[in-house]
Amino acid sequence: MIMRATGLLACLCTGSPALAGKIFVSNEKGNDITVLDSESFEVIATFPGGQRPRGITASPDGKWLYVCASDDNLVRVFSTDTYEEQPTLPSGPDPELFVLHPSGNPLYIANEDDNIVTVVDVETRTVLAEVPVGVEPEGMGVSPDGRIVVNTSETTNMAHFIDTETFEIVQNVLVDQRPRFAQFTDDGATLLVSSEIGGTVSVIDPASGQIEKKITFEVPGVLPEALQPVGVRVTADGSKAYVALGPANRVAVVDGATWEVTDYLLVGQRVWQLAFSPDQKYLFTTNGNSNDISIIDVASDEVIRSVQVGEQPWGVVAVE
Amino acid sequence: MRFLHAALVAALVMPCAALAQVEIRMAVLRVDEPGRPPASRLDLPPEDLGFAGARLGTSDNATTGQFMGQSFVTDEVTATHETAAGKMQEIVASGVRLVVTLADEETTLALADAAGDEVLVFNARARGDALRGEDCRANLLHTAPSRAMVTDALAQFLMWKRWDDWFLIEGSHPADRALADAYRRAATKFGARIVEERTFEDTGGARATDSGLVQIQARMPTFTQRAAQHDVVVAADETGIFAAYLPYHTWEARPVAGSAGLSPLSWHPAMEMWGGMQFQSRFEKLAQRPSREEDYQVWLAMRAVGEAATRTQSAEMAVLRDYMLGDEFQLGGFKGQPLTWRDWDGQLRQPILLASGDIVTSVSPQSEYLHQVSQLDTLGIDRPETACQIERQ
């Protein structure tokens, strides 16, 4: 709130265009971050993101951007306003994906090479804990109340539920091959875990650890092996979920009540990660093999635009 | 560091303390073959060949097992051709029912028979098509790809390149001839023409000699001259005698594929796609060397057992075998799609990498080759053509 006021003031002083949100895209191959205006969808800046930037997220106040610079073995931090780099955070080796506690601190990072989840205090920039998990930890999700962090391990094929106070695993749920992403619904009542090689999304009751349903995908003319679910997002009202299907070049629209697929939207090539605009009017997809993002209108489920970004876009986050 | 890790694991396991510990024991039996070393010293077999893959597989299984109340132990045994069957009997007598073998075709068959019906054997080295065909055994599964699979994989790529006139050069050893037969089959299957065939006789002698290159440089061009017009030279040299000398030395300026040049492989240490980098990192940390095909093929066998044990919560061979051969089994192997077993011949379906030197440049099946069941069945012997007669229970 205060930030917005300051921003407006800055606008008045410098005569720059009206304040809009920003979309940040990490370009894995290009080693940079593309910044787009969230209303015009124009590229307004590009800045270096370190070696092999993948996972990307922002602080709840929208001030700081966190980027997993995988080949640098650290998390880079940038100002979302000036893009100026801040002191880096330790991450453990080869960080790929992470999730920020809803309060903005700490950051939970999956370290693929070491079978651990590293917990980092973003203010003191120290490692609070290393939690041993299954083989090849990847996906990270946090419950809306911040009490549970879920990590998925790609070769162990589990979702590990980690207590954020004790850093102990309290529950393991076996899912299909190569679980890539974990996403809670905003009411915390459901956890979705995508399995890239298994080709399913498990709908899990976090309280019981039971898999209530497995969402499967089928697109005429697309090889079943190419239907590889990766990124998952759910609308705030829980009415719809979106699942990125990797080399199938489609995003599945899933009914949040029945967990049945209602539509497939054609996007760019090898679609991996997804992010909503802060007002949830739009969904942005990173299309790694076509070097662009697709913009989906959430109300109509139509792909309204694609915008060229850097080389091999991987992750995306939008800030107000 | 090690102590710290142990402490963390102990803390982690506590919530699961109620789980009873079940031990799953396996063995890896490697039959070392005497014979001439490979042409390049870079290809000399490391002492822990295959065993390093077993250690990684056991470690991966154990990491998963700690959440399931399962522990994994793997015995490593070496033998010669003469002692192999006896070693297998010792392994079985010690109570192990899941054995991975690294042996040639003939020895693998003898080992499967020596193991008996109560033991499941995973062949992680022998490529022979007969092992999957007329000589198939109900207790024998294959994580090593067959010759038919690797030759089909290369043939698909060559046809995609529209290099359909082949100059086939085969070695004089039985394994080379079998590989050449597989290339002939692949050519027929995918519509290539073998316009010229020659055999490179292995006349014995040392692997390499000082100033030996002088003769090679004179010999290879003359050996390949006056061949019918061809697009590509395909080398069938499983023994590793001559193919490595072909690139840049052929009479005509033609690319070389097969046993040199662009080679079809189950695994390559430069493979990074589909999470492959994580396998390489874990393997290199453990073994202090790059991974080889044998290591990957043993790892696949260990992980197939681990995956079945995780899903079935069992350590019983029959339960694990039935699950592995059933419809629900899927194995992640860093190849972009689930790997499964062919129920007609016990072969693990898998994409084949095409590597040229230090880099993986393509993966077969090529996307243009479709199949009514699984695109992976465009590689190797498909159900209607199998010579395997066993009835699996």
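Thresholds applied
- Residues numbered from 1 in each chain as written.
- Chains lettered and ligands numbered in written order.
- Predicted model: local features only at pLDDT ≥ 70, side-chain atom pairs only at ≥ 80, totals over all residues.
- Heavy atoms only, no water.
- UniProt positions renumbered as here; feature names shortened; annotations may be inferred.
- Helix = DSSP H or I, 4+ residues; strand = E, 2+ residues; numbered from the N terminus.
- Rg over C-alpha atoms; globule rule 2.2 N^0.38 Å.
- Buried < 20%, exposed > 50% of the residue type's maximum accessible area, 1.4 Å probe, protein only.
- Contact = heavy atoms within 4.5 Å.
- Lys, Arg positive; Asp, Glu negative; His and termini not counted.
- Charge placed at Lys NZ, Arg CZ, Asp CG, Glu CD.
- Salt bridge = Lys/Arg side-chain N within 4 Å of Asp/Glu carboxyl O.
- Pairing = 2+ DSSP bridges.
- Axes fitted to C-alpha atoms, helices over the stretch in contact; angles between N-to-C directions.

Checking UniProt for chain B, the heading Sequence similarities (unreviewed entry) contains the comment "Belongs to the leucine-binding protein family."

Per an unreviewed UniProt entry, chain A goes by the name PQQ-dependent catabolism-associated beta-propeller protein and belongs to Cereibacter azotoformans.

Participant: Could you give an account of the overall build of chain B, with specific residues and numbers?
Facilitator: When helices and strands are tallied, chain B shows 11 helices and 12 strands. Its C-alpha atoms give chain B a radius of gyration of 22 Å, within 12% of the compact-globule value 21 Å for 393 residues. Taken over the C-alpha atoms alone, chain B extends approximately 75 × 50 × 40 Å along its principal axes. Across the 393 residues of chain B, 56% fall into the buried class. Sequence separation of at least 24 residues holds for 69% of the intrachain contacts in chain B that already meet a minimum separation of 6. Taken as two groups, the 37 positive and 53 negative side-chain charges of chain B have centres that lie 3 Å from each other.

Participant: So what about the pattern of salt bridges? Which residues, and what values?
Facilitator: Counted according to the given criterion, the structure contains 42 salt bridges over all chains. Arg-178 of chain A is the salt-bridge partner of Glu-136 of chain A, the closest N and O atoms lying 3.2 Å from each other. With Glu-136 of chain A in the loop between strand 11 (126-132) and strand 12 (137-142) and Arg-178 of chain A in the loop between strand 15 (169-174) and strand 16 (179-184), the pair connects residues that are 42 residues apart, well separated along the chain. Of the two residues, Glu-136 of chain A and Arg-178 of chain A, neither departs from the other in class, the shared state being buried. A single salt-bridge network, built from bridges that share partners, covers Glu-136, Glu-138, Glu-154, Arg-178, Arg-180 and Glu-196 of chain A together with Asp-60 and Arg-282 of chain B.

Participant: So what about the sheet that holds strand 13 (residues 148-153) of chain A? Which residues, and what values?
Facilitator: Residue and element names in this part refer to chain A. Read from one edge of the open sheet, four strands run 12-13-14-15, paired in antiparallel fashion. Each end of this open sheet is capped by a strand with a single partner; those strands are strand 12 and strand 15. Taking each pair of neighbouring strands and ignoring which way they run, the sheet shows an average axis angle of 20 degrees. Relative to strand 15, strand 14 (residues 158-163) is paired through five bridges, and the arrangement is antiparallel. Bridge pairing in strand 15 links Met-158 to Leu-174.

Participant: Describe unusual backbone geometry, and please don't skip the residues or the numbers.
Facilitator: Residue and element names in this part refer to chain A. With an omega dihedral of 0 degrees, the bond running from Asn-105 to Pro-106 counts as a cis peptide bond. By the element assignment, Pro-106 lies in the loop between strand 8 (95-100) and strand 9 (107-111). Backbone geometry places Arg-125, a non-glycine residue, at a positive phi of 55 degrees. Position of Arg-125 among the secondary structure elements: in the loop between strand 10 (116-121) and strand 11. Taking the relative accessible area as the measure of exposure, Arg-125 reaches 38% and is therefore partly exposed. Unusually for a residue other than glycine, Asp-301 sits at a positive phi of about 55 degrees.

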